[in-house]
Amino acid sequence: MLLLQQAAAGILCYIGAYVFITYDDYDHFFEDVYTLIPAVIIIAVGTLLFIIGLIGCCATIRESSCGLATFAAILLLVFLTECVVVVLGYTYRAKVEDEVNHSIQKVYSEYNGTNSDAPSRAIDYVQRQLHCCGIHNYSDWRNTRWFGESKNNSVPVSCCQPSIGNCTGVLTRPSELYQEGCEALVVKKFKEIMMYVIWAALTFASVQMLGMLCACVVLCRRTHDPAYELLVTTNSYA
């Protein structure tokens, strides 16, 4: 059980770090940094689980009633925290679409096509990674300042399908471009990430529940079983 707690801690920290890294790639499309709260809590819980594992190990070895009670109480706290993560995950998952709708137009309007510009790098990265072009489709680029200033009737080369050689992004050859817009795919991507957090929290909340039950069973045996108490006492004096 203690090994399971340690494994759970590592997995939770990994999931939290994955959310942070992914958010960093798409942060220009999310103005509300509070969407990271579930990931922060997940990492904090994972770190706490390492400590819990040590407490549980010491309490089990020493047959300490106080240690086992502390172990069970901390597991209860972690269980409640993971329930909060589930609620926050569903809350922010519902807000993702509105958040992206509000910010994506602004990000595309700031595109200038240079690698030194953060919004430009973000858009090129998203279009290549998600295989999309524009907000709803490639024609959205016609309404951007960059398109008007470039005057070459083309979209960024990050819109080009990798299987097409010598693609320059010209709108006269739309078959060479990604056909799907980025807005829906960014929303889908972040909703998937939030679901990872929610399922992780639900799964490990079940693990914490099992841990609490085991600790309570051992604690009850220690408190109410005279033979068990006598055995422990005898061993202590031996």
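Residues numbered from 1 in each chain as written. Predicted model: local features only at pLDDT ≥ 70, side-chain atom pairs only at ≥ 80, totals over all residues. Heavy atoms only, no water.

S.K.: Go over the overall build of the chain with me, naming the residues and quoting the values.
M.R.: The secondary structure content of the chain amounts to seven helices and zero strands. Element order for the chain, N to C, with α for helix and β for strand: α-α-α-α-α-α-α. Counting across all 238 residues of the chain, residues that qualify as buried make up 44%. Of all intrachain contacts in the chain linking residues separated by at least 6 positions in sequence, the fraction that spans at least 24 positions is 69%. Just so you have it, the chain exposes about 12500 Å², and 63% of that area is on carbon and sulfur atoms. (Helix = DSSP H or I, 4+ residues; strand = E, 2+ residues; numbered from the N terminus. Buried < 20%, exposed > 50% of the residue type's maximum accessible area, 1.4 Å probe, protein only. Contact = heavy atoms within 4.5 Å. Areas by Shrake-Rupley, 256 points an atom, 1.4 Å probe, with all protein chains shown as cover.)

S.K.: Break down unusual backbone geometry for me, with residues and values.
M.R.: With a phi angle near 60°, His131 is a residue other than glycine that sits in the positive phi range. Inspection of the secondary structure assignment puts His131 in the loop between helix 4 (118–130) and helix 5 (145–150).

S.K.: Let's hear about the side chain of Ser158: which residues, and what values?
M.R.: Mapped onto the elements, Ser158 comes out in the loop between helix 5 and helix 6 (182–224). A polar atom in the side chain of Ser158 sits 2.8 Å from the side chain of Asp124. For Ser158, the side chain forms a polar contact with the side chain of Gln127, separated by 2.7 Å. The residues contacting Ser158, other than those within four sequence positions of it, are Asp124, Gln127, Arg128 and Tyr178. (Polar contact = N/O pair within 3.5 Å; in protein donor to acceptor, adjacent residues only side chain to side chain.)

S.K.: So what's going on with the packing of aromatic side chains? Residues and values would help.
M.R.: Here the distance between the centres and the angle between the planes together describe a pair of aromatic rings. According to the stated counting rule, one finds four aromatic pairs in the structure shown. Here the aromatic rings of Tyr111 and Trp141 are separated by 5.0 Å at their centres, their planes lie at 70°, and the arrangement is edge-to-face. One end of the pair, Tyr111, is in the loop between helix 3 (65–109) and helix 4; the other, Trp141, is in the loop between helix 4 and helix 5, and 30 residues separate them in sequence. With respect to burial, Tyr111 and Trp141 carry one shared label: buried. Ring plane angle 70° and centroid distance 5.6 Å describe the contact between Trp141 and Trp146, whose orientation is recorded as edge-to-face. Just as Trp141 is buried, Trp146 falls in that class too. (Phe/Tyr/Trp six-rings, centres within 6.5 Å; stacked < 30°, edge-to-face > 60°.)

S.K.: An account of the state of the cysteines is requested, with residue identities and associated values reported.
M.R.: Should the sulfur atoms of two cysteines be covalently bonded, the bond is a disulfide. For the coordinates displayed, the defined rule picks out three disulfides. Residue Cys133 pairs covalently with Cys159 via a disulfide, S to S 2.1 Å. Since a negative S-S torsion denotes a left-handed disulfide, the Cys133-Cys159 link at about 85° is right-handed. Residue Cys133 is located in the loop between helix 4 and helix 5, and its partner Cys159 is located in the loop between helix 5 and helix 6; the two are separated by 26 residues in the primary sequence. Grouping residues by exposure puts Cys133 and Cys159 together as buried. For the chain, the bonded cysteines connect in the pattern 1-6, 2-3, 4-5 when numbered consecutively along the sequence. (Disulfide = S-S within 2.5 Å.)

S.K.: Go over the confidence of the model for the chain, please, and point to the residues and values.
M.R.: Per-residue confidence for the chain gives a mean pLDDT of 75; residues scoring 70 or more make up 69%. Residue range residues 226–238 is modelled with pLDDT below 50. Its contacts to residues more than four positions away, or to other chains, number seven contacts. (pLDDT = per-residue confidence, 0-100.)

S.K.: How would you explain the side chain of Asp124 if you had to name every residue and give the values?
M.R.: Among the secondary structure elements, Asp124 is positioned in helix 4. The buried charged residue Asp124 lacks any salt bridge, with Arg128 as its nearest oppositely charged partner at 4.8 Å. At 3.0 Å, the side chain of Asp124 and the side chain of Tyr111 are in polar contact. Residues within four places of Asp124 in sequence aside, it is in contact with Tyr111, Pro156 and Ser158. (Lys, Arg positive; Asp, Glu negative; His and termini not counted. Salt bridge = Lys/Arg side-chain N within 4 Å of Asp/Glu carboxyl O.)

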